[in-house]
Amino acid sequence: MTRWLGWLAALGLLAGLAMGFGYAPKDAVQGNVQRIMYLHVPSILTAYVAFALVLAGSLGFLFTRRLAWDRLAHAAGEIGVVFTALTLVSGSIWGKPTWGTWWTWDARLTSTAILFVVYVGYLLLRSMAEERDRGARYAAVVGIMGAVNIPIVHFSVLWWRTLHQPPTILSPERAPMAPAMLRALLVNVVALLLVFLYLLSKRLTVRRLEDELRA
Amino acid sequence: MSHRGKFLLGGAVILGALGYLVYAGVSQSVVYFVTPSELQAQPVPGKAYRLGGLVAPGSLKWEARSLDLSFVLSDGKTSVPVRHKGTPPDLFAEGRGAVVEGTWSGEGYFKASLIMAKHSEEYKAPHGNEAQAGYKELLNTLKGPGTR
């Protein structure tokens, strides 16, 4: 199953590259730089999914006390941090040529940076826990509280004045985007979600074996 | 150090970092920029501001030799003249949004030290003709400005 996910993800990434560079036109205003969107947007959407799974895993663990839930939260948290970092880096690279700055403390960028730090803290907390069960309990609390930030990140551009533009695809009223770009974006979203699932299933196996060894 | 001590230390570090980020973030980010109307209501000379608005059509002047840039930022009601020395970002243009960092000079203009261009959430193809876009266009761009 994991192997199939891996191949599917690789296929998805190839299709995503071809769509992003070959099929989608360049943007009328921004030119080719806009193609960074095909990495930037899928990355943060994947991170949202990952942190939602951290929330689900944390709640599941606190209610059932079964370690499988905790492993889900932990693995999803690790991968979510990677995708948040990818979002921050790609966004920074996109920001320099378009906005004229690598970074600015507007609400969207700040809340995304906080999202990153919170889940790095979550992983740090986990790595310091020496008792498996208690560590999982503490982590679950952080995993639940951290999720509060997800809607803040997403809606920051609507709630406050920002440099970052409002959302295009997950927006209350649909902003215009060329259909070819939208299709390329959706393919890349699916591709990165497949990469996420592949990494998740790999990581879950390793974590299960670790728990079995410890038991 | 005991487990408990480590946990408390780790927790304190996380909470401290969070607290700082939230404090620094919220105090700065929530009013990320002021509008020309807000600035003109009570401008304080020498105070650092971020000013955001639309670059008024017909107001943009750029001296390529001396890098003197001047334009007017407007929110539809009030407008503020802005001066800057340097090269603006590519997307900076008349009729588009911009956010500038700097200070109110006290002499009737805003002295900007950083110019940032806002871009919209709209994405569309250059010619409205998507069929021939993609690869061909990308390759053409890579060949340099002459062949575009």
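Our subject in this report is the structure included herewith. Just so it is clear, the structure is predicted and the values come from calculations on it, not from any experiment.

Turning our eyes to something else, we now look at the overall build of chain B. The secondary structure content of chain B amounts to three helices and six strands. For chain B, the N- to C-terminal ordering of α and β elements is α-α-β-β-β-β-β-β-α. For chain B, the proportion of its 148 residues judged to be buried stands at 25%. Pairs at least 24 residues apart make up 45% of the contacts formed inside chain B by residues separated by at least 6 positions.

Here the focus is the overall build of chain A. Regarding its fold elements, chain A presents seven helices and zero strands. Put simply, chain A runs from its N terminus to its C terminus through helices and strands in the order α-α-α-α-α-α-α. Relative to the globule expectation of 17 Å for 215 residues, the C-alpha radius of gyration of chain A, 18 Å, shows essentially globular dimensions. Considering only C-alpha atoms, chain A reaches an extent of 60 × 40 × 30 Å along its principal axes. The proportion of buried residues among the 215 residues of chain A is 46%.

Take the environment of K118 of chain B next. Position of K118 of chain B relative to the elements: it lies in the loop between β6 (110-117) and α3 (135-142). Linking K118 of chain B and L60 of chain B, residues 58 residues apart in sequence, is a C-alpha distance of 16 Å. Apart from residues no more than four positions distant in its own chain, K118 of chain B is found in contact with L163 and Q165 of chain A together with G97, A98 and V99 of chain B.

Here we take up the nonpolar core. Side chains of a nonpolar character, in soluble globular proteins, are inclined to be buried together. Core analysis: the biggest nonpolar cluster contains 55 residues, and A50, A73, A76, I79, V195 and F196 of chain A have the highest contact counts within it. Elements with a minimum of two residues in this core: α1 (2-23), α2 (37-64), α3 (67-98), α4 (107-128), α5 (132-146) and α7 (179-214) of chain A. Looking at which element gives the most residues to this core, the answer is α2 of chain A, with 15 residues. When near neighbours in sequence (up to four residues on either side) are disregarded, A50 of chain A contacts A76, I79, G80, F83 and F196 of chain A. Core analysis: the next-biggest nonpolar cluster, separate from the first, contains 25 residues, A107 and L163 of chain A together with F92 and A117 of chain B among them.

What follows covers the interface of chain B and chain A. Counting residues at the interface gives 43 residues for chain B, matched by 47 residues for chain A. Of all the secondary structure elements, the ones that give two or more residues to the side of chain B that touches chain A are α1 (3-29), β6 and α3 of chain B. Broken down by element, the residue count for the side of chain B that touches chain A peaks at 12 residues, all from α1 of chain B. Grouping the amino acids of the side of chain B that touches chain A by side-chain chemistry returns 25 nonpolar, 10 polar and eight charged.

Once that is clear, we can look at the environment of P166 of chain A. Residue and element names in this part refer to chain A. By the secondary structure assignment, P166 is in the loop between α6 (149-159) and α7. With 16 C-beta atoms counted inside 10 Å, the residue P166 sits in the partly exposed group. Linking P166 and S156, residues 10 residues apart in sequence, is a C-alpha distance of 8.7 Å.

In the Ramachandran plot, R65 of chain A falls in the positive-phi region, its phi being about 60° despite a non-glycine side chain. Along the chain, the position of R65 of chain A falls in the loop between α2 and α3. Even without being a glycine, L67 of chain B presents a positive backbone phi close to 65°. Its place among the elements puts L67 of chain B in the loop between β2 (61-63) and β3 (68-74).

On to α1 of chain A. Residues and elements named next belong to chain A. With 22 residues, α1 extends 30 Å between its outermost C-alpha atoms, agreeing within 8% with the 32 Å of an ideal straight helix rising 1.5 Å per residue. Those residues of α1 that sit buried are A9, G12, G16, M19 and G20. In an axial view of α1, the angular spread of the buried residues amounts to 90°, which keeps them on one side of the axis. Relative to its buried face, α1 has exposed residues pointing more than 90 degrees away, namely R3, W4, W7, L11 and L14. Where α1 is buried, its residues contact α2 and α7.

Below, the discussion takes up the pairing of strand β5 (residues 97-104) of chain B. All names here are of chain B. Summarising the sheet, strand β1 (residues 48-55) and β5 pair through seven bridges and their orientation is antiparallel. Its bridge partner lying in β5, A48 is registered against T103. Both β5 and β6 contribute to a ladder of seven bridges, which runs antiparallel. Looking at the pairing, A98 lines up with A117 of β6. The turn linking β5 back onto β6 is made up of five residues, and G106 within it adopts a positive phi angle of 85°.

Calculation criteria
- Residues numbered from 1 in each chain as written.
- Chains lettered and ligands numbered in written order.
- Predicted model: local features only at pLDDT ≥ 70, side-chain atom pairs only at ≥ 80, totals over all residues.
- Helix = DSSP H or I, 4+ residues; strand = E, 2+ residues; numbered from the N terminus.
- Buried ≥ 20, exposed ≤ 12 C-beta atoms within 10 Å, placed from the backbone.
- Contact = placed C-beta atoms within 7 Å.
- Rg over C-alpha atoms; globule rule 2.2 N^0.38 Å.
- Core = buried A, V, L, I, M, F, W, Y, C linked by C-beta atoms within 7 Å.
- Nonpolar A, V, L, I, M, F, W, Y, C, P; charged D, E, K, R; others polar.
- Expected span 1.5 Å × (residues − 1).
- Arc of directions from axis to C-beta.
- Pairing = 2+ DSSP bridges.

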